[in-house]
Structure formats: C-alpha cells, structure tokens
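The lines below spell out each chain.
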Amino acid sequence: MKFMLLIYSSTGAGDATAWLEQNQRSKGRAALVDELFDSGEYIDGNLLASLDRSRTVRVENARTATDGPYLEAEAYLAGYDVVDCEDLHRAETIAARLSEATSCAVEIRPVMHFGTDLVTGT
C-alpha cells in the first residue's frame, strides 16, 4: 500500500532550502532512504520550494484570486516522501525514523487510487 509522508516544518525554522541543506547533511536520513530503496519501499521524495516562492489560488465569483507568497500558518509543508509498504503500522515505523519527526511533524496519508479505492474506501 502506498503512503505519502508529508513533512512539515515550523515557519520559524527557516525556509525549505535550509531544511534541504540540513537533511542532505543527515547521514541517518540518507541511510534510511537507501535502506527503503533497497527493500523496494521507497518510491519518491522531494523538497518543496521555499515559502516566498509559493502562491495560493482561489476562484471566487468566477474570478481567480491569488494570495501569497503563502498562507499564514504556524507550520508549512516542506517536503514529502512516498513509500510503498505493507500497512499503516510499517508507514508509522518509517515516519518515526525520519529525522524531521523529532523537530517538526510527519503526517501519513494513504494514497488513494481513482477507481475502487474511492468507491470502497480501501
């Protein structure tokens, strides 16, 4: 089953570029990604651009409105990993091993596929 691990950072912790630099230096994260890749569980992962490069788009009364560079929030989505593992418990185990889980938050969301997943909720 595929899960997206959404990695959040606090707005006071710096931008996503600083987050990337910190994690590139993290031997623990690199080792975990290598381990998950070798086991076939690691699908993808990426950094998201810094907050000053983001935009929020809404359509109101048939007009497009943009806010930005970002919504005000205490935490923001800084990156993600996608894993394909046996179950939610395994996804939780992987998320807990991410270095970001100790300094911010990692949200786990099952990846839904168009078709049967949406109809059955499985």
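Structure's up top.
Residues numbered from 1 in each chain as written. Predicted model: local features only at pLDDT ≥ 70, side-chain atom pairs only at ≥ 80, totals over all residues. Heavy atoms only, no water.

1. So, helix α3 (residues 88-97)
Of all the residues in α3, the buried ones are A91, I94 and A95. Down the axis of α3, the buried side of the element spans an arc of 100°, and every buried residue falls inside it. α3 presents H89 and A96 as exposed residues on the side facing more than 90 degrees away from its buried surface. Tucked into the core, α3 has its buried residues touching β1 (2-10), α2 (27-39), β5 (75-84), α4 (100-103) and β6 (105-110). Capping the start of α3 is the job of one residue whose side-chain oxygen sits 3.3 Å from the backbone nitrogen of H89: D87. (Buried < 20%, exposed > 50% of the residue type's maximum accessible area, 1.4 Å probe, protein only. Helix = DSSP H or I, 4+ residues; strand = E, 2+ residues; numbered from the N terminus. Arc of directions from axis to C-beta. Contact = heavy atoms within 4.5 Å. Polar contact = N/O pair within 3.5 Å; in protein donor to acceptor, adjacent residues only side chain to side chain.)

2. A word on the nonpolar core
Within soluble globular proteins, side chains that are nonpolar tend to cluster in buried spots. Residues L5, L36, V83, C85, I94, L98 and V106 are the most contacted members of the largest nonpolar core, which totals 13 residues. Listed by contribution, the elements that provide at least two residues to this core are β1, α2 and α3. Beyond its immediate stretch of four places on either side in the chain, L98 contacts L5, I7, R29, L32, D81 and V106. (Core = buried A, V, L, I, M, F, W, Y, C linked by side-chain atoms within 4.5 Å.)

3. Examining α2
In this model α2 runs 18 Å from its N-terminal to its C-terminal C-alpha over 13 residues, within 8% of the 18 Å that 1.5 Å per residue would give. R29, L32 and L36 are the residues of α2 that are buried. Within α2, the buried residues cover an arc of 65° as seen down the axis, which keeps them to one side. Among the exposed residues of α2, those pointing more than 90 degrees away from its buried face are K27, F37 and D38. Residue G40 follows α2 closely and has a positive phi angle near 85°. (Expected span 1.5 Å × (residues − 1).)

4. Overview of the sheet that holds β1
The sheet built from 4 strands is open, its strands ordered β2-β5-β1-β6 with antiparallel pairing. With partners counted over all chains shown, the strands left at the sheet margins are β2 (42-47) and β6, one partner each. Pairwise comparison of adjacent strand axes, ignoring direction, gives a mean angle of 20° for this sheet. Sheet analysis places β1 next to β6, joined by 6 bridges and oriented antiparallel. If you follow L5 over to β6, its bridge partner there is I108. Relative to β2, α2 is tilted by about 150°, and along the sheet it contacts β1, β2 and β5. (Pairing = 2+ DSSP bridges. Axes fitted to C-alpha atoms, helices over the stretch in contact; angles between N-to-C directions.)

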